[in-house]
Amino acid sequence: MSIAERLAHVQGEIADHPPQCLLAASKHVTAATLRDAYALGLRHFGENFLQEALDKQTALRDLDGIIWHFIGRIQRNKTALLARHFDWVESVDRPLIAERLHAARAGMEPLNVLIEVAISGEETKGGCAPEDVPELALVISRLSHLRLRGLMALVHPQPELAEADFRRMAELFLALRQTQVHADLDTLSMGTSADYLQALQQGATEIRLGTILFGARAQEPL
Ligand SMILES: *Cc1c(COP(=O)(O)O)cnc(C)c1O
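Criteria and cut-off values
- Residues numbered from 1 in each chain as written.
- Predicted model: local features only at pLDDT ≥ 70, side-chain atom pairs only at ≥ 80, totals over all residues.
- Heavy atoms only, no water.
- Near = heavy atom within 4 Å.
- Polar contact = N/O pair within 3.5 Å; in protein donor to acceptor, adjacent residues only side chain to side chain.
- Areas by Shrake-Rupley, 256 points an atom, 1.4 Å probe, with all protein chains shown as cover.
- Nonpolar A, V, L, I, M, F, W, Y, C, P; charged D, E, K, R; others polar.
- Phe/Tyr/Trp six-rings, centres within 6.5 Å; stacked < 30°, edge-to-face > 60°.
- Helix = DSSP H or I, 4+ residues; strand = E, 2+ residues; numbered from the N terminus.
- Buried < 20%, exposed > 50% of the residue type's maximum accessible area, 1.4 Å probe, protein only.
- Lys NZ or Arg CZ within 6 Å of the ring centre and 35° of its normal.

Draft legend 1. The arrangement of the site of the ligand in detail. Taken together, Ala25, Lys27, Asn48, Ile71, Leu154, Thr192, Ser193, Arg208, Leu209, Gly210, Thr211 and Arg217 make up the full set of residues adjacent to the ligand. At 2.8 Å from an oxygen atom of the ligand is found a side-chain nitrogen or oxygen belonging to asparagine 48. Between arginine 217 and the ligand, the recorded distance is 2.7 Å, taken from a side-chain N or O atom to an oxygen atom. Relative to its unbound accessible area of 390 Å², the ligand is 88% covered by the protein chains. For the shell around the ligand, the residue count by class is 4 nonpolar, 5 polar and 3 charged.

Draft legend 2. Main features of the packing of aromatic side chains. Counted by the stated rule, this structure contains 2 aromatic pairs. Geometrically, the ring pair formed by phenylalanine 45 and tryptophan 68 is tilted, given 5.9 Å between the ring centres and 40 degrees between the ring planes. Taken together, the residues phenylalanine 45 in strand S2 (residues 44-47) and tryptophan 68 in strand S3 (residues 67-70) connect sequence positions 23 residues apart. The residues phenylalanine 45 and tryptophan 68 share a single accessibility class, namely buried. Ring geometry for phenylalanine 70 against phenylalanine 86: centres 5.4 Å apart, planes inclined by 75 degrees, an arrangement best described as edge-to-face. Residue phenylalanine 70 is located in strand S3, and its partner phenylalanine 86 is located in the loop between helix H4 (79-85) and strand S4 (88-92); the two are separated by 16 residues in the primary sequence. Here the two residues phenylalanine 70 and phenylalanine 86 agree in accessibility, since each one is buried. If you follow arginine 43 out to its NZ or CZ, it ends over the ring of tyrosine 38, 3.6 Å from the centre.

So, to be careful, I would describe these as geometric facts and stop short of saying anything about function.
Pasting the structure below:
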């Protein structure tokens with residue numbers, strides 16, 4: 001199937017609940033393929049590996065209006081490059097990372113950030129504990145070169161358990177928005193190829209799709 005056919009299928013499925021943002025999760029997908037996706041109208045791309053992303057950004061620098069999101073694990077020694085080369089960083093999970101991104105973003109428009117929440121409790125995944133979200137949100141809200149937009153999560157891979165994770169994320173998001181400092185948060189990023197419809201039903205405003213748009217990907221960075 002072509003990307004055009006795959007995208008048309010997804011767009012049909014989400015027609016009833018279109019998200020604010022359909023992010024193409026493009027790890028290990030080549031720049032040439034991203035160029036095709038761009039030609040089909042996709043603008044938001046999410047990358048997990050810094051060097052791979054920087055190479056693609058260079059290869060695609062002639063394309064106007066691409067919005068690059070970082071959705072991978074953050075190493076503290078990479079924060080300066082992340083801050084300067086991405087429009088969004090979705091995987092902020094501790095104050096130190098937020099502070100380093102803030103420092104490196106000086107002189108630019110504020111960096112959009114999401115707090116990644118370890119909602120499934122699986123230790124292999126990144127993210128801050130749900131109970132630590134309010135404090136981290138407060139730290140970020142005081143950093144002028146960052147703009148907190150909301151929350152991100154990878155939920156449990158089993159659909160029966162994913163449902164509860166989505167619901168708890170929606171509750172966390174709502175609770176944050178009810179505090180005055182965070183009333184303008186507008187992004188709840190959750191749902192992948194396996195479960196994006198379920199995520200949208202639970203209030204996701206952004207879904208992150210890889211396999212369903214690009215097919216099975218290589219397992220190693222490009
Ligand atoms: C790879 C990835 C996705 C997309 O996963 P698919 O199952 O390929 O849709 C979404 N979010 C994150 C954080 C990812 O790393």
